[in-house]
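The residues making up each chain are set out below.
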Amino acid sequence: MTEKTRINRVITRTGDKGDTGLADGSRVSKAHPRIHALGELDELNSALGVLRARSLDADLDRALDGIQQRLFDIGGELAVPGRAVIDDHDLVEVESQADMINAELPPLKEFVLPGGHPDAAWCHHCRTVARRVERALVTLHDTDEDAVNPVSQALVNRLSDLLFVMARLINLRHEHPETLWQPKG
């Protein structure tokens, strides 16, 4: 079986004047909200890659692998206007993972400050990047209602919740106490 080459040139020079090509062949400004959302999505996927490069438990690494795969699918949706790949099954999967993890955790009585074990701290960082991706998707949707698959936008919202409980679980497994917010006064 012959493998298809998807990328054979990295340097194309086609974007030197500030525009870039989408997968459907159209060109848009690198300042377009679609490209901004793609960049934020890429940063999130990279941050998750850094988290996975650490010594995570196998169950968390497996979950993050699936998330990275779906984030690439969302990038594909954004690169091909009108394309929708993420569906309700993907959303339910992320929700189920978050619910399973949350069931292992003690209830929260106060807000948790980001930090703790280094893996948990990085997981919190990924959570904040996911929130930024969500804002970029909302901005893109506000400029073009058909530009964003609503299920993909919901998945990114749920992802930040998953990363929050995952950070808490990492702290619990490493027996690292969480730092709780202590409101002034």
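Residues numbered from 1 in each chain as written. Predicted model: local features only at pLDDT ≥ 70, side-chain atom pairs only at ≥ 80, totals over all residues. Heavy atoms only, no water.

Engineer: How would you sum up the pattern of salt bridges? Please name residues and give values.
Structural biologist: By the definition in use, this model includes 13 salt bridges. Between Glu43 and Arg132 there is a salt bridge; the shortest N-O distance is 2.6 Å. You can see Glu43 sitting in helix H1 (residues 33–52) and its partner Arg132 sitting in helix H4 (residues 118–143), a full 89 residues away along the chain. On the basis of relative accessible area, Arg132 is assigned to the partly exposed category, the value being 28%. Here Arg52 ties to Asp61 by a salt bridge, and the two come within 2.8 Å at their closest N and O atoms. For Arg52, a relative accessible area of 23% puts it in the partly exposed group. Here the residues in one salt-bridge network are Asp57, Asp59, Glu104 and Arg173, joined through shared partners. (Salt bridge = Lys/Arg side-chain N within 4 Å of Asp/Glu carboxyl O. Helix = DSSP H or I, 4+ residues; strand = E, 2+ residues; numbered from the N terminus. Buried < 20%, exposed > 50% of the residue type's maximum accessible area, 1.4 Å probe, protein only.)

Engineer: Describe the nonpolar core, listing the residues and the values that go with them.
Structural biologist: Of all hydrophobic cores here, the largest spans 43 residues; its most connected members are Leu44, Leu162, Leu163 and Met166. Put simply, the parts of the chain that give this core at least two residues each are H1, helix H2 (58–79), helix H3 (88–103), H4 and helix H5 (150–173). With twelve residues, H5 is the single largest residue contributor to this core. The contact partners of Met166, leaving out residues within four places of it in the chain, are Leu60, Ala63, Leu64, Ile101 and Cys123. (Core = buried A, V, L, I, M, F, W, Y, C linked by side-chain atoms within 4.5 Å. Contact = heavy atoms within 4.5 Å.)

Engineer: Before we move on, could you go through the side chain of Gln97 and cite the residues and values that matter?
Structural biologist: Examined against the element boundaries, Gln97 turns out to sit in helix H3. With sequence-adjacent residues up to four places away left out, Gln97 is seen in contact with Ala63, Ile67 and Leu162.

Engineer: How would you summarise a negative patch on the surface if you had to cite specific residues and measurements?
Structural biologist: Residues Asp142, Asp144, Glu145 and Asp146 make up a contiguous surface patch of negative charge. Structurally, Glu145 is set in the loop between H4 and H5. (Patch = residues over 30% accessible without salt bridge, like charges linked within 9 Å, V, L, I, M, F, W, Y side chains within 5 Å. Areas by Shrake-Rupley, 256 points an atom, 1.4 Å probe, with all protein chains shown as cover. Lys, Arg positive; Asp, Glu negative; His and termini not counted. Charge placed at Lys NZ, Arg CZ, Asp CG, Glu CD.)

Engineer: Residues and numbers for unusual backbone geometry, please.
Structural biologist: One non-glycine residue with positive phi stands out, namely Glu175, at about 55°. Inspection of the secondary structure assignment puts Glu175 in the segment after H5. Classification of Glu175 by relative accessible area gives exposed; the value is 72%.

Everything listed here is a matter of geometry and, on its own, says nothing about what the molecule does.
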